[in-house]
Amino acid sequence: MLRRQLLALLIVLLLISAFSFGCGPSEPVVEPDEETPEPSVEGPVYLRKTFSWPTYIDPAIGSDFSSSTAMTNLYDTLIYPKSDGSFDPHLARDWEVSEDNLTYRFFLNEGVMFHDGSELTAEDVKFSFDRLVAIGEGFAYIFGGRVESVEVIDDYTVDFHLPVPFGPFLTTLTRLYIVNKDLVMDNLQEGPYGDFGDYGKEFLNTNDAGSGAYKVKEFDVATTLVLEKFDDYFAFIDPMAPDIFELIGTTEAATVRTGMMRREIEISDQWQTLEAFNSLEATDGVEIARWPDGGQLYLMMNTQNPPLDDIHVRRALSWAFNYDALVQNIYPGTEQAKGPVSSVLPGWNPNVMQYSYDLEKAEQELALSKYAGQFDQYPIEYAWTAEVADLEKIALMTQAEAQKIGLTVEIVKTPWMTMIDRAGSEDTTPHIMSIWVSPHYGEAGSILEAKYHSSNTGSWEQTEWLNNAEVDALIEQAMATVDREERFAIYMQIQDLIVDLAPTIFAYDNMERHAYQSYYIEWPQANDPIPVMGYNLAARFIRVDPVKRAELLGN
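Throughout what follows, the structure given in this document is the object of discussion. This is a predicted model, so every value here is computed, not measured.

Considering the packing of aromatic side chains
Phase 1: Scanning the entire structure with this criterion turns up 27 aromatic pairs.
Phase 2: Centre to centre, the rings of Phe87 and Trp95 are 5.9 Å apart; their planes meet at 45°, and the pair counts as tilted.
Phase 3: Plain terms: the ring middles of Trp271 and Trp436 are 4.6 Å apart, the flat faces sit at 40° to each other, and that makes the pair tilted. In this pair, Trp271 sits in the loop between α8 (253–261) and α9 (274–281) while Trp436 sits in strand β15 (residues 432–437), placing the two residues 165 residues apart along the sequence. For the pair formed by Trp271 and Trp436, the shared burial category is buried.
Phase 4: Connected via pairs of aromatic rings, a cluster forms that spans Phe87, Trp95, Tyr104, Phe106, Phe129, Phe143, Phe160, Phe166 and Phe169.

Here's what the structure looks like:
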């Protein structure tokens, strides 16, 4: 009986959505057949996606891709980003800005419920901000020193007081996730934050305190995060959104391929090789989604470690990098990066100088180096992330090209966790680390500050250890500029300066790729992506058709 009722419900849902559920050109054609048994669709509807691991679900700790995805589904923010870099109201239904741009007043929606059934109020907003800044990890660097205080006016009104204007302030609020104050306070452990103990870090390591469209069902921190739909969510959830969103910690090609073929994985990670994506695309009912995510692959050079403390050696490596081979053979369909900001991100400088593959110029730079004639005494350690096989190809290519100009590059396969640990200290950071970085909000300042302001050294996003006072001052000037055009003009000046300093090899503008089950998944963000990491996997917008999945399985 239950099965028949569920089937009837699904058929109604399919009829309702028949005109809006897209059918890709490569979808298999399934002709109705009276003798064909109805597909079996019992049980919850799943969306399962693979990720590079680990995942941190505490919004005061996490900042990488899987963590940002988890937090976007578990928590809510005052505003919600859009694909064009602007934003919509979300927890805040409206706001006002004082004439001096130093006070932002937000008016909250009433009746927003946390997962434990309590109501979200202005006290939770203040607590979330204070907690993020006090812990000082994750996205705290975006707000540190830029907000003097947060004041609760009443249950649904909250003021943010700024010491000086902060131009992109509203945009950055996509990274202020609101936690349930009472729930966190009820679960404090001993810790270094005075009356706040550990500020709930141990509790939020494996539990959520959010109001998001999904809540934590199970979390094995070593392998899998399982989220289940929150029925009392205050905002839109598509009727065909999955009941369960499972984040799986693997990028192993054979595991991903087997899971996709068995329809036990709906969306792959983006770290598969070109060969693996080609193989997955040949699978019936599977397509590859591609979009520019506003980020880049950066070969970050530790500017404090000889011989890369010499600008001429860094410039030599920039000229010796084979950009064409990269975008044609390893990541076809992408373009060489032009400067430190992706060309799709508002505030990019289209006129910035661009390095090209030119060994003659590379040798000219090396001749100017203080280490000329001694390069055999200064081997260069190049660490690549073990979970992403294509990065080894880039490391080998860099090694071969460097050898042509007399530099010795020693490549080291390094797990992602170790990469993060080694990035934490100037002394342990390798000479070169190849890492993708994507924007945390929709304009150039997000990348420029995360990658090059001294306040963010020691994070995985900034292993150059540039510590340049002129760059810091310009970034701070840009952030304090409210007028958008004036701020963007300063962004462009910063990009010119960074290219001249050559702390990074700007490899290519990232084209995010995912294999997905296009026959039974409709993924609207893949066609209209949001340039803020994690938001394109908000599961409440993704539609999963279990009947079509059952058809592919032959059930």
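So much for the structure itself; the text now carries on.
Some remarks on the packing of helix α10 (residues 311–320) against helix α12 (residues 359–367)
Phase 1: Packing of α10 against α12 brings their axes to within 8 Å, and their N-to-C directions diverge by 170°. Considered as vectors, α10 and α12 are oriented roughly antiparallel to each other. Facing α10, whose interface residues are His312, Val313, Arg315, Ala316, Trp319 and Ala320, α12 presents Leu359, Lys361, Ala362, Glu365 and Leu366.
Phase 2: Looking at the contact of α10 with α12 residue by residue, the classes come out as 7 nonpolar, 1 polar and 3 charged.

Comments concerning helix α14 (residues 416–423)
Phase 1: For α14, the set of buried residues is Trp416, Met419 and Ala423. Along the axis of α14, the buried positions cluster into a sector of 50°, meaning they face one direction only.

So, the sheet that holds strand β6 (residues 149–154)
Phase 1: Taken in spatial order, the 4 strands of this open sheet run β4-β5-β7-β6, and their pairing is antiparallel. Sheet topology places β4 (92–97) and β6 at the edges, where each strand pairs with a single neighbour. The mean inter-strand angle of the sheet, taken between neighbouring strand axes irrespective of direction, is 20°.
Phase 2: In the packing of helix α3 (residues 122–135) onto the sheet, contacts are made with β5 (103–108), β6 and β7 (157–161), and the angle to β6 comes to roughly 175°.

Digging into the sheet that holds strand β1 (residues 46–51)
Phase 1: Taken in spatial order, the 4 strands of this open sheet run β1-β10-β9-β8, and their pairing is mixed. The outermost strands of the open sheet, each flanked by one partner alone, are β1 and β8 (214–220). In this sheet, adjacent strand axes meet at a mean angle of 20° when their direction is disregarded.
Phase 2: Bridge count between strand β9 (residues 224–229) and strand β10 (residues 244–249): 5 bridges; the pairing is antiparallel. Counterpart to Val226 in the pairing with β10 is Glu246.
Phase 3: In this fold helix α2 (residues 65–74) packs onto β1, β8, β9 and β10, with an angle of close to 165° to the strand it touches most, β10.

Some words on the environment of Leu308
Phase 1: Within the secondary structure layout, Leu308 lies in the loop between β11 (287–301) and α10.
Phase 2: Distance from Leu308 to Ile380, taken between C-alpha atoms, is 8.4 Å for residues 72 residues apart in sequence.
Phase 3: Not counting residues within four places of it along the chain, the set of residues in contact with Leu308 comprises Met301, Asn302, Thr303, Val313, Arg314, Leu317, Ile380, His431 and Ile432.

Thoughts on unusual backbone geometry
Phase 1: Of note, the bond from Trp53 into Pro54 is cis; its omega dihedral lies within 30 degrees of zero at 10°.
Phase 2: Of note, Pro54 is situated in the loop between β1 and α2.
Phase 3: Of note, the amide linkage connecting Pro306 to Pro307 takes the cis form, showing an omega dihedral of 5°.
Phase 4: Position of Pro307 relative to the elements: it lies in the loop between β11 and α10.
Phase 5: Residue Trp465 is not a glycine yet carries a positive backbone phi of 50°.
Phase 6: In this structure, Trp465 sits in the loop between α15 (444–452) and α16 (469–479).
Phase 7: What makes Trp465 buried here is its relative accessible area of 9%.

Rules used throughout
- Residues numbered from 1 in each chain as written.
- Predicted model: local features only at pLDDT ≥ 70, side-chain atom pairs only at ≥ 80, totals over all residues.
- Heavy atoms only, no water.
- Phe/Tyr/Trp six-rings, centres within 6.5 Å; stacked < 30°, edge-to-face > 60°.
- Helix = DSSP H or I, 4+ residues; strand = E, 2+ residues; numbered from the N terminus.
- Buried < 20%, exposed > 50% of the residue type's maximum accessible area, 1.4 Å probe, protein only.
- Axes fitted to C-alpha atoms, helices over the stretch in contact; angles between N-to-C directions.
- Parallel < 35°, antiparallel > 145°, perpendicular 65-115°, else oblique.
- Contact = heavy atoms within 4.5 Å.
- Nonpolar A, V, L, I, M, F, W, Y, C, P; charged D, E, K, R; others polar.
- Arc of directions from axis to C-beta.
- Pairing = 2+ DSSP bridges.

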